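Geometric and topological summary
Okay, here's what each chain looks like letter by letter:
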Amino acid sequence: MVRSYKAATLLSVLASSHAFAPASVGKSSNTQLFEAITFDKVDERTGKPTGTSFLPKETIERAAKGNPIEKAKLKKDGTSAFKDVYEYAAKFRSGEMTWEEVEAADMNTRLKFVGMLHRDKRTPGQFMMRLKVPNGIVNADQMRFYADCVEKYGEEKGVVDITTRQNIQLRGVKIEDAPDIIDGLHARNQTSFQSALDSVRNMVGNPLAGIDELEMVDTREFCNAINDLVSLDPVTETRGNPMWGNLPRKFNIAISGSRDDYSHTHINDIGLQPCAHAETGVMGFNVVLGGYMSIKRVAESVEADMWIPAEREAVVTLSEAILRIFRDESERKDRQKARLMWLVEKYGVEEFKKEVIKEIDSYKRGVKVESAQPAPSEPFERRELLGVHKQKQEGKSRVGILIPSGRLSAKECRQMADLADSYSEGEIRLTVEQNFILPNVDDNKVSALLKEPALNKHSRLDAKPGFIEGNTVSCTGAQFCGLALIETKSHAELVSQKLE
């Protein structure tokens, strides 16, 4: 079956992204995201192209000889895994089958494309569901929905985690409940699609975007644009973009909005660091590449000697170009060598830069890449996110709240939602340190906020934590993670309290 994937404009791709972004984010332009592409593989269940259909023949041949995950993706495309979720759920509810009868490759691999990760070693039959929360911005209604989703699984298993990518993970989810959660997320302009396995992970941005007097770039617009590039189908305008449905490995992108680098660009595959052009003064980004951490290697990103203006078109085009090269050329056999850094090292930084520019030029969008610009060198001290701090808006403050180990019960989710409704117009910002920020709090209401029962007495949540408690970060630990040897989150919380 042959189908032509028509070129889509940035306007159509970003039509739903404004729901992820605050109302103040600017309107979209008519920038073209995709050139016309023709291929011959369409998934009949979804009516969409398969992720594999975008791969060159040589890449498919390498994948066929690759690792077990590559072979599983070729056997059954992960971009249609959401259909499996709905079908399995219906059969579970009717009693036709149980989760033990689900094909292992679906249970433990393909469903990850829906953001569902089976915790088979710790909670067999239950999943962690990872969302996409670009720039880490959520609202009170979404927080209450998260609470509703996990509460049925009990206080121990049914919890919500804030991640080190400003993201949300729902614990304890069962397949039979997943369709309702997916539908609820989409109704609230969120998704879990393409949030795990070999996908572009959550877009990390500046948690102080739009409210910081030292801000250089407002990252919200760019995080939403790239989120749509990688997870919104430009033809059907539904979540799940098959163009990026078969990457060789996960891919992380972070955009920094100030010299604080709250988004940690140095450990991301693509890091955009704000920097003004030395001659024109135009604000833009220096590009760093290849940062990542794994069980085999920890690599800090390298300077790519590239600068682009802080414009939506340039940011999206650069990201798309690098992703295309990564998708088609990176390792498909050894997963430990499939991250972008290995490809950059194979090319050499200068040659990789040339290849990226060549790719960008082939899109004919007028995006120009210049050499990296001199970064600011004046003394600068990274600022605190926890506690009460003045915003650039007159009469407004931001209040950072400690969420110990980044873990929330259903009750605490609702408490945070209530605080957001009362004090920050329903908005909540997530940080990579696994905490919350309530933005735009009226100065004359800060005192009342700090006296709220949810932040005092026997509450775990705290707007005035000590240095140790406020800087403790924890991985998932043995409660849910099959790789962990010990429990971490409860221990981290207890130890930090005792040391404080």
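Conventions and cut-offs
Residues numbered from 1 in each chain as written. Predicted model: local features only at pLDDT ≥ 70, side-chain atom pairs only at ≥ 80, totals over all residues. Heavy atoms only, no water. Helix = DSSP H or I, 4+ residues; strand = E, 2+ residues; numbered from the N terminus. Buried < 20%, exposed > 50% of the residue type's maximum accessible area, 1.4 Å probe, protein only. Contact = heavy atoms within 4.5 Å. Lys, Arg positive; Asp, Glu negative; His and termini not counted. Charge placed at Lys NZ, Arg CZ, Asp CG, Glu CD. 1 Å grid on protein atoms, 1.4 Å probe; cavity = no way out; pocket = protein on both sides within 12 Å on 5 of 7 lines; lining within 4 Å. Points joined across faces, edges and corners; volume = space filled by probe spheres on them. Nonpolar A, V, L, I, M, F, W, Y, C, P; charged D, E, K, R; others polar. Pairing = 2+ DSSP bridges. Axes fitted to C-alpha atoms, helices over the stretch in contact; angles between N-to-C directions. Core = buried A, V, L, I, M, F, W, Y, C linked by side-chain atoms within 4.5 Å. Patch = residues over 30% accessible without salt bridge, like charges linked within 9 Å, V, L, I, M, F, W, Y side chains within 5 Å. Areas by Shrake-Rupley, 256 points an atom, 1.4 Å probe, with all protein chains shown as cover. Salt bridge = Lys/Arg side-chain N within 4 Å of Asp/Glu carboxyl O. Parallel < 35°, antiparallel > 145°, perpendicular 65-115°, else oblique.

Details of the overall build of the chain
Assigned secondary structure in the chain consists of 16 helices and 20 strands. Considering the chain as a whole, with its 500 residues, one finds that 59% of them fall into the buried category. Counted over contacts in the chain with a minimum sequence separation of 6, partners at least 24 positions apart contribute 70%. Taken together, the 70 basic and 74 acidic charged side chains of the chain have centroids lying 4 Å from each other.

Side note on the side chain of Arg-119
Within the element layout of this structure, Arg-119 appears in the loop between strand E5 (116–118) and strand E6 (127–130). Setting aside residues no more than four positions away along its own chain, Arg-119 makes contact with Pro-124, Gln-126, Met-128, Arg-171 and Phe-480.

Brief notes about empty space enclosed by the protein
Evaluation of the coordinates by the stated rule reveals one cavity of 30 Å³ or more. Put simply, the largest cavity is a space of about 140 Å³. Forming the walls of the largest cavity are 16 residues, and the residues nearest its centre are Gly-78, Thr-79, Ser-80, Phe-82 and Gly-240. Here the residues of the lining of the largest cavity sort into six nonpolar, seven polar and three charged.

Here's the deal with the sheet that holds strand E15 (residues 302–309)
With mixed pairing, four strands are arranged side by side in an open sheet as E10-E11-E12-E15. Two strands bound the open sheet, and with one partner strand each, they are strand E10 (253–255) and E15. Taken pair by pair, the neighbouring strands of this sheet meet at an average axis angle of 25°, ignoring direction. Pairing of strand E11 (residues 270–276) with strand E12 (residues 283–289), which is carried by seven bridges, proceeds in the antiparallel orientation. Bridged to Gln-273 within E12 is Asn-286. Those strands touched by helix H10 (residues 312–329) are E10, E11, E12 and E15, and its axis lies near 140° from that of E15.

Section: the nonpolar core
Core analysis: the biggest nonpolar cluster contains 59 residues, and Met-116, Met-129, Tyr-146, Leu-170, Ile-401 and Phe-436 have the highest contact counts within it. In this structure, Cys-223, Ile-255, Val-315 and Val-369 belong to the second largest nonpolar core, which totals 42 residues.

Section: a nonpolar patch on the surface
On the surface, Phe-467, Ile-468, Val-495 and Leu-499 cluster together into a nonpolar patch covering about 410 Å² of accessible area. Those elements giving two or more residues to the nonpolar patch turn out to be helix H15 (467–470) and helix H16 (489–499). Relative to the assigned elements, Ile-468 resides in helix H15.

Side note on the packing of helix H6 (residues 140–150) against helix H8 (residues 178–187)
Between H6 and H8, the shortest axis-to-axis distance is 11 Å and the interhelical angle comes to 180°. The pairing of H6 with H8 is recorded here as roughly antiparallel in orientation. Counting all contacts with H6, which are made through Phe-145, Tyr-146 and Cys-149, the residues of H8 involved are Asp-180, Ile-181, Gly-184 and Leu-185. The residue makeup of the contact of H6 with H8, split by class, is five nonpolar, one polar and one charged.

Remarks on the pattern of salt bridges
According to the stated counting rule, one finds 43 salt bridges in the structure shown. Where Lys-152 meets Asp-177, a salt bridge forms, and the shortest distance between an N and an O atom there is 3.6 Å. Pair noted here: Lys-152 is in the loop between H6 and helix H7 (154–157) and Asp-177 is in the loop between strand E9 (168–173) and H8, with a separation of 25 residues, a long-range link. The salt bridge partner of Asp-260 is Arg-383, with a shortest N-O separation of 2.4 Å. Of this pair, Asp-260 sits in the loop between E10 and E11 while Arg-383 is found in the loop between helix H12 (349–363) and strand E16 (387–390), placing the two residues 123 residues apart along the sequence. Three or more residues joined by partner-sharing salt bridges are found here, namely Arg-45, Lys-76, Asp-84, Glu-87, Glu-103, Asp-106 and Arg-110.

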